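What follows is the residue order along each chain.
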Amino acid sequence: MEKLELSGHSLARKLAIQSPSPEQRCDVNWANPNNSQLWVKRDDLLHPIISGNKWRKLKYALAMALSQSTTHIISFGGGYSNHLHALGYCCYQLGIQFTAIVRGNYQQNLTPMLQDLVQWQSDIQYVDKATYQRRNDADYLSSLEQRYPQAQIIAEGGSQHSALQGVAEIISELQQEYDYILLPVASGGTLAGLIQSTNSSQLIGIAVLKGKGYLESLVQQLLNGDQQCQWQILHDFHHGGYAKSSTELSDFCRNFSHFPIESVYSGKLLFAAKQLLAQGYFAANSKVLLIHTGGLQTNRD
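What you see is a predicted model; the values in this text were computed from it and never measured.

Remarks on the overall build of the protein
Within the protein, the secondary structure is distributed over 11 helices and 10 strands. In summary, the protein has a C-alpha radius of gyration of 19 Å against a globular reference of 19 Å for 301 residues, a match within 12%. Its C-alpha atoms put the protein at 60 × 45 × 35 Å along the principal axes. Across the 301 residues that make up the protein, the buried fraction comes to 55%. Partitioning the intrachain contacts of the protein with sequence separation of at least 6 by distance along the chain shows that 72% fall at a separation of at least 24.

So this is what it looks like as C-alpha cells:
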C-alpha cells in the first residue's frame, strides 16, 4: 500500500495535479435562517482536464496500472463523459493505449470530448444501449478480457474499490472540521470514499439522476459494510434526470458568478444547497462544505 501511495504521488507530479485543492468560503446572498456557513472544496482546480473526482477516482487505478506495466486500459461512458475524457487524456500522457466503449453512435456528430479522444489517439467503440447496459455483467466483462487479455478494465465513472482511497484524501486535506459535507452523486464512488474516511461529518449526497434506491445500492456495494458516519442521498434535485435541466436550474447556473459551475453536477449541488439553506435544513451556526467535483467539460458546446 505504501509503495502504491508513493506511485500515486509520482503520478500526480507527472500529470501536474495541483493538490491539495483550496477550501473557500462561499459568501452568497441566499436565505439562511439558521446562519449556516457555506464553504466549497474547489476540486475543479486540481487540473483543467483531470479535475475533481475524476482525478481522485483514477489516481490509484492508474498508479496500479503503471506499477504493473499495463499497456492498455478500457472504460465506459457516454458521448459527453468527463470520466472518459479525463482517462483518455491520462492514458495519452502516460503512453497507454485507451479504448473507450461509448453508449450511442456519435461517429457523424462527435462531441467536443470525443473530438479530444480522437486527437489523443483513443480507440473509440460505439455500442447500442442494450450492449452498454451489460457493462457490469460478468460474462460481458469476461468477453472483453478474452478479447484484450493484457488490458485493465476500469468501471464506468471510475467507481471501483481502488477509487475509494483517492477520494478519502479529500478528508485528510481539510483544514477544518465541518458539520455537513454535500456532494453530487452519479455512480456512487465519491460518496463511498468519503463515507469510509470520515466519522465527524454528516454526508449528504445530491442525486443528479433518477435513482432512488439504485444509487444507495451502488454505494453499499462499494462499501462492503465499511462505513464510519451518517449518510443519505437526497433525490429531489435531479431536475428531470442525468444531464437534464429545468428552466429554474439553467437560470441559476447562468446567474451564479462566484466560480464556474455546470448543470450536470455542481449546478445541481449548489441549487440544492440554496434550497436546503432556505428551509433551515442545517443545524444553527453549522459549517457546511460543498465538494466541487469538477465536470466543467460539460460546458463546452
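The discussion continues.
A short note on the pattern of salt bridges
In total, this model carries nine salt bridges according to the counting rule given. Because the salt bridges share partners, they merge into one network encompassing Lys41, Asp43, Arg56 and Glu173.

Focus on the sheet that holds strand 6 (residues 151–153)
Taken in spatial order, the four strands make up an open sheet running 5-4-3-6, and their pairing is parallel. Across the chains shown, the open sheet's two edge strands, defined by having one partner strand only, are strand 5 (123–127) and strand 6. The average undirected angle you get between the axes of adjacent strands in this sheet is 20 degrees. Pairing analysis gives five bridges linking strand 4 (residues 97–103) to strand 5, with the strands arranged parallel. Bridge assignment links Ala100 to a residue of strand 5, and that residue is Ile124.

Thoughts on unusual backbone geometry
Negative phi is the rule for most residues except glycine; trans is the rule for most peptide bonds. Between Ser19 and the following residue, Pro20, the backbone shows a cis peptide bond with an omega angle of 0 degrees. Here Pro20 is to be found in the loop between helix 1 (2–14) and strand 1 (23–25). With a phi close to 60 degrees, Ala16 is a non-glycine residue in the positive phi region. Considering the arrangement of structural elements, one finds Ala16 in the loop between helix 1 and strand 1. You will see that Ser69, though not glycine, has its phi angle at about 55 degrees, which is positive. As for its position among the elements, Ser69 is in the loop between helix 2 (52–67) and strand 3 (72–77).

A closer look at the sheet that holds strand 1
If you trace the six strands from one edge of the open sheet to the other, you get 1-2-10-7-8-9, paired in mixed fashion. Each having just a single partner strand, strand 1 and strand 9 (231–234) make up the two edges of the open sheet. Between one strand axis and the next, the sheet turns through 25 degrees on average, direction left out of account. Alignment of strand 7 (residues 180–185) against strand 8 (residues 202–207), held across six bridges, turns out to be parallel. Note that in strand 8 the partner of Leu182 across the bridge is Ile204.

Examining the packing of aromatic side chains
Counted under the stated rule, the structure contains 11 aromatic pairs. Pairing Trp30 with Phe256 gives two aromatic rings, centres 6.4 Å apart and planes at 45 degrees, and the pair type is tilted. Residue Trp30 is found in the loop between strand 1 and strand 2 (37–42), and its partner Phe256 is found in the loop between helix 10 (247–255) and helix 11 (266–278); the two are separated by 226 residues along the sequence. The class for Phe256 is buried, based on a relative accessible area of 10%. Between Phe256 and Phe259, the aromatic rings sit 5.0 Å apart at their centres with planes inclined by 75 degrees, giving edge-to-face as the arrangement. By the burial criterion, Phe256 is buried, and Phe259 matches it. Through pairs of rings, three or more aromatic residues link up here, namely Trp30, Phe252, Phe256, Phe259 and Phe271. Over the ring of Tyr265 we find Lys54; its NZ or CZ atom is 5.2 Å from the centre of that ring. Above the ring of Tyr132, the side-chain terminus of Arg103 is found at 5.1 Å from the ring centroid.

What counts as what
- Residues numbered from 1 in each chain as written.
- Predicted model: local features only at pLDDT ≥ 70, side-chain atom pairs only at ≥ 80, totals over all residues.
- Heavy atoms only, no water.
- Helix = DSSP H or I, 4+ residues; strand = E, 2+ residues; numbered from the N terminus.
- Rg over C-alpha atoms; globule rule 2.2 N^0.38 Å.
- Buried < 20%, exposed > 50% of the residue type's maximum accessible area, 1.4 Å probe, protein only.
- Contact = heavy atoms within 4.5 Å.
- Salt bridge = Lys/Arg side-chain N within 4 Å of Asp/Glu carboxyl O.
- Pairing = 2+ DSSP bridges.
- Axes fitted to C-alpha atoms, helices over the stretch in contact; angles between N-to-C directions.
- Phe/Tyr/Trp six-rings, centres within 6.5 Å; stacked < 30°, edge-to-face > 60°.
- Lys NZ or Arg CZ within 6 Å of the ring centre and 35° of its normal.

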